[in-house]
Each structure stands twice: as structure tokens, then as C-alpha cells.
Amino acid sequence: FGIRDAWNLSVTRAAWRDAALWRGVQVKAPRGHFWADPFLRQHAGRTYCFVEDYVYATNRAHISVLDITTADVRCLGVALREGFHLSFPFLFEYGGKLYMSPEASESAQIRIYQCDEFPLRWSLHSVAIDRVSAADSMFFEHGGRWWLLTSIDRSGLNDHCSELCLFHADNPLAGEWTAHPCNPLCIDTDMGRNAGLIMDGGRIFRAAQRQGFDQYGEGLTLFEITRLDRLAYTERKVTDIQHDYLRRSIGSHHISTAGNITVVDVKTHRFAP
């Protein structure tokens, strides 16, 4: 019947600790597309949202940028497009410059792009790890080192939902990452795939996807990282984030927050070409 999974965004105008997600306003992509994996970025007093922009006609996505104003949400255009699928546009700063590491598992690389002109001009800077099937990578600094959390498919079955792995380096751009001795940190479909990162007052919160029976992206769980060094990694569960606070929702698998705005993605069904 042409019914497909679709992801919409839900925008709540509150910081993540105070966000009543049931009050969120749903934002839908144009016909023939869906928007998922939102990452918020504040720049020059404005709030931007980088998203996976999936096109049903090609079964592939690129990265687009939305402008979130006090009145509405509008698409500014395409930030990054490749000959392979892109999603999860994780953003980080290093040396005063902005970088993006989107999910690009079809390329068998964890790629890093530099921002040439914010928000729509980006170019490939370097490859963090080559010859790896990895998804939803997140880069951040802690304790004087850089850390990379990513989900790796070692089975060759395109399964990026189970095994969470950790790497560390002095420089996130040099391509010299050392695997953590605890890898894989977990083998669990309820915590093995990243769903966002929240840095709050020196505390680090990792959002993880929860997969259901025959259901990708059923919900979210928030973990606080309690120990992170070259020898150990521990985290504690903080809360589950359910999806059923919004009408017709059947799943949710990503959260991002910046200032007084929090965005999650919401899974629904729709008729699609």
C-alpha cells in the first residue's frame, strides 16, 4: 500500500532538563523526504538543526540544515551530499574550528568534514578510522584526551545496533586512534547504538537507542558516563525517554539540546512514493 516508516522532528522550547516533550511541536519534511537524527548548533544568536534528510526515491540520505526561529522552522538547504548514505551529523569543535562526522558506513570509514562556511559549506578534512563499518560516532574531550564512541558491525551483516566501542587520541583529526581495552563496551541492542550526547556542567550524558521486537528505534535511554579513562569506562542509567507522549508515534531514536531548545525525532507511518 505504499506505507513506509517516516521520521519527523518534535521541537520543545525548553532546556533538556525541563523539557516537557509532550508539548513539542512536530515538524515534517517535504513530501518524499523524512528528517531524523537532529543535532542543534547555536551560532550568532540563532539556532540551527543539522538533520539526516532521507529521500524515498533514492533510498539514501544527505545532510540538510534547518533554521529554528521563534516563529517557525525552515530548511536552509543541503550541507553535505555524497555518493553514499549520510546520517547522524555529529558536530564538534577543535582548535577553534567546527567539524562534522556523519554516519557514513557505506564508505567503510569514519569521516571528518570541516566547516568552510557556516552552515552550508563543508569539505572532507580527514579519515578518523579507515576500513571499518561504523555508525553514529561521537567525538568529545575529557580529561585532557579526545574520545570516540561508535557502534561497529563486526559481523558483516550491517548490524550497527549492538556493539558500542571506544577509542582515544591526543588529536581528533590526526587519524591515530587507540582502541580501549574494554571494547566492546557492551553488546546490547538497548544501549549499543548512540542517540546523542549532552555535555552539561562537566557531566557527560550519552543517549542510546532502544530497539524493540522487529522495531528499529523504539525509544531512548539516557546514561551518565561516570568513569572514563584509558583503563575503564562506566556509565549509569538515568532515565528512559518514551515515544508515546506524541500522537501516532511508534518510536524515537535521537535527542539534541542547545540553550532553551530540545529536539527529538519521532517515528510514524506515512504513505510515501
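Residues numbered from 1 in each chain as written. Predicted model: local features only at pLDDT ≥ 70, side-chain atom pairs only at ≥ 80, totals over all residues. Heavy atoms only, no water.

Moving on, we get to the pattern of salt bridges. Tallied over the full model, the rule gives 18 salt bridges. The closest approach of N and O atoms between Asp 67 and Arg 46, which form a salt bridge, is 2.5 Å. One end of the pair, Asp 67, is in strand β5 (residues 60-68); the other, Arg 46, is in strand β4 (residues 46-55), and 21 residues separate them in sequence. For Asp 67, a relative accessible area of 2% gives the class buried. For Arg 193, the salt bridge is made with Asp 136, and the minimal N-O distance between the two is 2.7 Å. Taken together, the residues span a long stretch of sequence, with Arg 193 in the loop between β15 (186-187) and β16 (194-200) and Asp 136 in strand β11 (residues 134-142) at a distance of 57 residues. Through salt bridges that share partners, Arg 46, Asp 67 and Arg 74 make up one connected network. (Salt bridge = Lys/Arg side-chain N within 4 Å of Asp/Glu carboxyl O. Helix = DSSP H or I, 4+ residues; strand = E, 2+ residues; numbered from the N terminus. Buried < 20%, exposed > 50% of the residue type's maximum accessible area, 1.4 Å probe, protein only.)

With respect to topology, 4 strands assemble into an open sheet ordered β3-β4-β5-β6, the strand pairing being antiparallel. The open sheet has two edge strands, β3 (33-43) and β6 (73-80), and neither has a second partner. Put simply, the sheet's adjacent strands are angled 30° from each other on average, direction ignored. Relative to β5, β4 is paired through 9 bridges, and the arrangement is antiparallel. Each bridged residue has a counterpart across the sheet, and for Tyr 48 the counterpart in β5 is Asp 67. (Pairing = 2+ DSSP bridges. Axes fitted to C-alpha atoms, helices over the stretch in contact; angles between N-to-C directions.)

Okay, the packing of aromatic side chains next. Scanning the model with the defined rule gives 14 aromatic pairs in all. With a centroid separation of 5.7 Å and an interplanar angle of 80°, the aromatic rings of Tyr 54 and Tyr 56 are classed as edge-to-face. For the pair shown, Tyr 54 and Tyr 56 are each scored as buried. The rings of Phe 92, Tyr 94, Tyr 99, Phe 139, Trp 146 and Trp 177 are connected pair by pair, giving a single aromatic cluster. (Phe/Tyr/Trp six-rings, centres within 6.5 Å; stacked < 30°, edge-to-face > 60°.)

Counting buried residues in strand β17 (residues 203-212) gives 8 out of 10 residues, a clear majority hidden from the surface. Looking at chain direction, β16 and β17 are connected through 6 bridges and run antiparallel. Considered in β17, the bridge of Asn 194 is made with Ala 208. A loop of 2 residues connects β16 with β17, the two strands running antiparallel in sequence, and Gly 201 in this loop sits at a positive phi of about 60°. Bridge count between β17 and strand β18 (residues 215-228): 7 bridges; the pairing is antiparallel.

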